[in-house]
Amino acid sequence: MPSHVESPIVDLRSDTVTRPTAAMRDAMSAAPLGDDVFGDDPSINLLQTTLAERLGFEAALFVPTGTQSNLCAILAHCQRGDEYIVGQMAHAYRWEGGGAAVLGSVQPQPLEHQADGMLALAAIEAAIKPDDVHYARTRLLALENTIGGKLLPFDQVLAATQLAQHRGLARHLDGARLFNAATAQAALSGDEVFHEARRIAGCFDSVSVCFSKGLGAPVGSVLCGSRDFIKRAHRLRKMVGGGMRQAGVLAAGALHALDNHVDRLTDDHANCKRLADGLAGIDGLQVETPQTNILFVELTGGARERSADLLAHLKRHGVLALGLYQLRFVTHLDVDSAGIDRAIAAVRSFFKA
Ligand SMILES: *Cc1c(COP(=O)(O)O)cnc(C)c1O
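Calculation notes
- Residues numbered from 1 in each chain as written.
- Predicted model: local features only at pLDDT ≥ 70, side-chain atom pairs only at ≥ 80, totals over all residues.
- Heavy atoms only, no water.
- Near = heavy atom within 4 Å.
- Polar contact = N/O pair within 3.5 Å; in protein donor to acceptor, adjacent residues only side chain to side chain.
- Areas by Shrake-Rupley, 256 points an atom, 1.4 Å probe, with all protein chains shown as cover.
- Helix = DSSP H or I, 4+ residues; strand = E, 2+ residues; numbered from the N terminus.
- Nonpolar A, V, L, I, M, F, W, Y, C, P; charged D, E, K, R; others polar.
- Phe/Tyr/Trp six-rings, centres within 6.5 Å; stacked < 30°, edge-to-face > 60°.
- Buried < 20%, exposed > 50% of the residue type's maximum accessible area, 1.4 Å probe, protein only.
- Lys NZ or Arg CZ within 6 Å of the ring centre and 35° of its normal.
- Pairing = 2+ DSSP bridges.
- Salt bridge = Lys/Arg side-chain N within 4 Å of Asp/Glu carboxyl O.
- Contact = heavy atoms within 4.5 Å.
- Axes fitted to C-alpha atoms, helices over the stretch in contact; angles between N-to-C directions.

### Things to note about the site of the ligand
- Every residue close to the ligand is listed here: Thr65, Gly66, Thr67, Asn70, His91, Glu96, Glu144, Asp174, Ala176, Arg177 and Lys213.
- Between an oxygen atom of the ligand and a side-chain N or O atom of arginine 177, the distance comes to 3.0 Å.
- Alone, the ligand offers 380 Å² of accessible surface; in the complex the protein occludes 82% of this.
- Counting residues per element, the shell around the ligand draws most heavily on helix H4 (residues 66–77), which supplies three residues.
- Within the shell around the ligand, the residues separate by chemical class into one nonpolar, five polar and five charged.

Here it is as structure tokens:
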């Protein structure tokens, strides 16, 4: 048996593939529980108050998924016939089954992204409809940070959210990877990660954070906002079937992640950079410079036709990735630098580089 088969799989498909650590499982099994539909689950209540407080909001709501979190947020901000401005590639537009339109009669107004992932200020301004019977009412600006692994430039986030506020729009952040964004921003500013997370969150009326991505919890997102907003979102969560009972067992995993897995995101970012450096210079690959934990690698020239072969080759060497002409590698807490080196070696052996 080749040695790689005995090693654990280096699964770089997504940061959602992480499994709870032993310490996280201990925290989950020790969690005090109650019926959260009665508001009685101490672990959920603690997670909600902790994240709200750390990000500077009045209240928060635990939800099973980021999709449900964004849906509740959009529906809590908008009425039927309203519209939200959102990126063409944003999860809350492109990857959520059209939920806001299907379930809320809220129309998206998607905009193209700049190369840095941000929406152009002028494009946002031009998309805000006048108060006229012909138009849907523009009600909400929804941004995503990080988006495609990119940190949105903070000065632009500030300018866009200030513009939205001046024009009477609510502002929602899909911060599924808010702490990756904060980690990257902290590396630029020298400030502390939670400080940066609060700075980013402070530009918005609501923020959704995923715990099942880089933070390594098995399930759960938390939506933060004002007390009134969270009250509306709570009713919507019930309506879409998100009222859970002793789900504190899950919230305890998220709380553990908040205390133990935020600071270590720098490791994931360093590993992503290590992977990019290790793949640089291979003929047939165009390697992006990663800002956080997601690396995109474009196949060029003749390599484009060999995409499926490359993925199969990687799989035989115990390395998993996703993509077609553009491959995606995502680092997370179940991959260490030795795993990254195995991934680099596997790619290099395919290209005999
Ligand atoms: C993963 C993700 C979500 C939510 O995903 P779920 O699978 O529903 O938890 C939302 N937004 C972004 C940017 C994401 O990456």
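### A short note on the packing of aromatic side chains
- The full count for this structure, using the stated rule, is two aromatic pairs.
- Look at phenylalanine 350 and phenylalanine 351: their rings are 5.1 Å apart centre to centre, the planes differ by 85°, and that puts the pair in the edge-to-face class.
- In this structure phenylalanine 350 comes out as buried when scored by relative accessible area, which is 10%.
- Under the relative-accessibility criterion, phenylalanine 351 is labelled buried at 15%.
- One cation-aromatic arrangement involves arginine 199 over phenylalanine 154; the distance from NZ or CZ to the ring centre is 4.3 Å.

### Looking at the pairing of strand S7 (residues 206–210)
- Of all five residues that make up S7, five are buried, and the element is covered over most of its length.
- Residues Ser206, Ser208 and Cys210 of S7 are buried on one face, and the alternating residues Val207 and Val209, pointing to the opposite face, are buried as well.
- As judged from the four bridges shared by S7 and strand S8 (residues 221–225), these two strands associate in the antiparallel manner. Paired with serine 208 across the bridge in S8 is leucine 223.

### What to know about the pattern of salt bridges
- Evaluated as defined, the whole model comprises 15 salt bridges.
- When the shortest N-O distance is used, the salt bridge between aspartate 11 and arginine 13 registers 2.7 Å.
- Residue lysine 129 is joined to glutamate 83 by a salt bridge in which the shortest nitrogen-to-oxygen separation is 2.7 Å. Of this pair, lysine 129 sits in the loop between helix H7 (121–127) and strand S5 (137–144) while glutamate 83 is found in strand S3 (residues 82–87), placing the two residues 46 residues apart along the sequence.
- Residue classification places lysine 129 among the partly exposed positions, given a relative accessible area of 22%.

### Describing the sheet that holds strand S9 (residues 285–287)
- Strand order in this open sheet of four strands is S9-S10-S13-S12, and the pairing throughout is antiparallel. Pairing within the sheet leaves two strands with one partner each, and these edge strands are S9 and strand S12 (322–323).
- Sheet topology note: the strand S10 (residues 294–299)/strand S13 (residues 326–330) ladder contains five bridges and is antiparallel. Counted as the bridge partner of leucine 295 is phenylalanine 329 from S13.
- Packing of helix H13 (residues 265–279) onto the sheet brings it into contact with S9, S10 and S13, and relative to S10 it is tilted by some 20°.

### Some thoughts on the sheet that holds S7
- With mixed pairing, seven strands are arranged side by side in an open sheet as S2-S8-S7-S6-S5-S3-S4. Because the sheet does not close on itself, it has two edges, and the strands there are strand S2 (59–63) and strand S4 (107–111). Recorded for the sheet is a direction-independent mean angle of 20° between the axes of neighbouring strands.
- For S3 and S5, the ladder comprises five bridges, and the chain directions are parallel. If you follow aspartate 82 over to S5, its bridge partner there is arginine 137.

Limitation: the analysis is restricted to geometry and does not speak to function.
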